[in-house]
Amino acid sequence: MTTATIAKPTASTASSTPIVDVKDLNVAFRTGKSTTVRAVNGVDLSLGRGEVLALLGESGSGKSVTLRALIRLNPGHITTVTGRIVVGGIDVNTLAPQALQDFRGGVASMIFQDPGLALDPVYRVGDQIVETVMRHKGVPRAEARKRALELFERVRIPSPERRLDAYPHELSGGMRQRAMIALALSCDPEVLLADEPTTALDATVQIQILLILRELQRDLGLTVIFVTHDIGVAVQVADRIAVMYAGRIVETGPVEEVIARARHPYTLGLLSTRAHGGRLEGKRLATIPGNPPDLSSLPPGCPFAPRCGYAEPRCREADPPVGEISPGHVVRCIRAVA
């Protein structure tokens, strides 16, 4: 990942009033007659206006499922969701189909990991944004197209008027992701959900997209939840980090605090796997031994215990306690709260 300094918003841009309030969120998928995958287990999240939270963890840790639960994008016929999800003062789990359509895009919108799959390949990119604006804003097509053009200019797409009439396959990966950002912002949402939006891009384009997202977040006062498995990205874009493992948040706090004083063994493991300064200096890159647990058959106690070098017998007997190490820095681990 190419590094660069990305200006973060000052504390005054964030409000103490939560715009995202999630309590005891649980998401399970039925994958067979008797098989249930518990993808998210007791997640709590609270974000004020203008805050940026990075959800960090390995693939399969529940990051994307959590993000999709906030706008009810997980497949309803196989999904069971419990807990409280309030976004922009709206109880998401109680929304009727029509109200849910209004909520998506108007209150919260999403930037997907692969815009090549998220954008409809048989329609021009500009038309997809125009239709979205017309649907949510109730404006004429000409005004909606003007809005689409303004957004293309804002996300720095070259020759924006010509690109509006391009099909997704005619754009590069970086241009498609910029168009996806424009689509997500087209109806002035309050909350932006970004699901690993730079993963499929090369390093140079990654930093360009991150700079654009940070600038838009600051200028528009957006609340952002940014899913990533890259600690370097989390440090660049976020005010706070929430580290997820086996569908649980195991450590959360301000970015600088978590990076400098990480306490959960999984967070420490993630930090040790990164080559600082881009060089290994003759040493082997550290790894976390073992594999993530089977979410359809979670072991008792701490799910990280089988991979943890600090595990004690009691770690496998009961769920670890949650403790506040310092203001806002919370850890779910026996060692951290002992």
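The structure presented is a predicted model; accordingly, all values stated were derived computationally and were not measured.

Scoring rules and cut-offs
- Residues numbered from 1 in each chain as written.
- Predicted model: local features only at pLDDT ≥ 70, side-chain atom pairs only at ≥ 80, totals over all residues.
- Heavy atoms only, no water.
- 1 Å grid on protein atoms, 1.4 Å probe; cavity = no way out; pocket = protein on both sides within 12 Å on 5 of 7 lines; lining within 4 Å.
- Points joined across faces, edges and corners; volume = space filled by probe spheres on them.
- Nonpolar A, V, L, I, M, F, W, Y, C, P; charged D, E, K, R; others polar.
- Pairing = 2+ DSSP bridges.
- Helix = DSSP H or I, 4+ residues; strand = E, 2+ residues; numbered from the N terminus.
- Expected span 1.5 Å × (residues − 1).
- Buried < 20%, exposed > 50% of the residue type's maximum accessible area, 1.4 Å probe, protein only.
- Contact = heavy atoms within 4.5 Å.
- Phe/Tyr/Trp six-rings, centres within 6.5 Å; stacked < 30°, edge-to-face > 60°.
- Axes fitted to C-alpha atoms, helices over the stretch in contact; angles between N-to-C directions.
- Salt bridge = Lys/Arg side-chain N within 4 Å of Asp/Glu carboxyl O.

Observations concerning empty space enclosed by the protein
One pass over the structure, following the stated rule, counts three cavities of 30 Å³ or more. Lining of the largest cavity is provided by 15 residues; of these, Cys-302, Cys-308, Cys-315, Cys-333 and Ile-334 occupy positions nearest its centre. Residues belonging to the lining of the largest cavity are distributed by class as follows: 12 nonpolar, one polar and two charged. Counted as a void, the second largest cavity has a volume near 80 Å³.

Let's talk about the sheet that holds strand β4 (residues 79-87)
Pairing is antiparallel in the open sheet, where four strands are placed in the order β2-β1-β4-β5. Where the open sheet ends on each side, the last strands, each with one partner, are β2 (36-48) and β5 (90-91).

Some points on helix α4 (residues 125-137)
With 13 residues, α4 extends 18 Å from end C-alpha to end C-alpha; this agrees with the ideal 18 Å at 1.5 Å per step. Residues Val-125, Gly-126, Gln-128, Ile-129, Val-130 and Val-133 constitute the buried set of α4. Those residues of α4 hidden inside the fold are in contact with α5 (141-154), α6 (160-164) and α7 (173-185). After α4 finishes, the residue Gly-138 shows a positive phi value of roughly 65 degrees.

Quick word on the layout of surface pockets
Its boundaries defined by the atoms lining it, the largest pocket holds a volume of some 510 Å³. Lining the largest pocket are 21 residues, and of these Arg-104, Gly-105, Phe-112, Thr-132 and Leu-183 sit closest to its centre. Looking at the lining of the largest pocket, the elements that each hand over two or more residues are α2 (97-106), β6 (108-111), α4 and α7. Counting residues per element, the lining of the largest pocket draws most heavily on α4, which supplies five residues. The residue makeup of the lining of the largest pocket, split by class, is 11 nonpolar, seven polar and three charged.

Thoughts on the packing of aromatic side chains
Within the structure shown, the criterion is met by three aromatic pairs. An angle of 55 degrees between the planes, with centres 4.7 Å apart, marks the rings of Tyr-245 and Tyr-266 as tilted. Residue Tyr-245 is found in strand β9 (residues 240-245), and its partner Tyr-266 is found in helix α11 (residues 265-272); the two are separated by 21 residues along the sequence. Each member of the pair, Tyr-245 together with Tyr-266, is buried.

Quick notes on the sheet that holds strand β10 (residues 248-254)
The strand order β6-β7-β8-β3-β9-β10-β12-β11 describes an open sheet built from eight strands, whose pairing is mixed. Each edge of the open sheet is held by one strand with a lone partner, namely β6 and β11 (322-326). Ignoring strand direction, the axes of neighbouring strands in this sheet form an average angle of 20 degrees. Alignment of strand β7 (residues 191-195) against strand β8 (residues 223-228), held across five bridges, turns out to be parallel. Residue pairing across strands places Leu-192 opposite Val-224, the latter belonging to β8. The sheet contacts of helix α8 (residues 203-220) involve β3 (52-56), β6, β7 and β8, and relative to β8 the element is tilted by about 160 degrees.

Quick word on the environment of Leu-216
For Leu-216, the position within the fold is in helix α8. Between the C-alpha atom of Leu-216 and that of Val-155, which follows or precedes it by 61 residues, the distance is 8.5 Å. With sequence-adjacent residues up to four places away left out, Leu-216 is seen in contact with Arg-154, Val-155, Ile-181, Leu-185, Gly-221 and Leu-222.

Looking at the pattern of salt bridges
Counted by the stated rule, this structure contains 16 salt bridges. The closest approach of N and O atoms between Arg-218 and Asp-219, which form a salt bridge, is 3.9 Å. By relative accessible area, Asp-219 is classed as partly exposed at 43%. We note a salt bridge from Arg-261 to Glu-257, for which the minimum N-O separation is 2.8 Å. Connected through shared salt-bridge partners, Lys-137, Arg-147 and Asp-188 make up one network.

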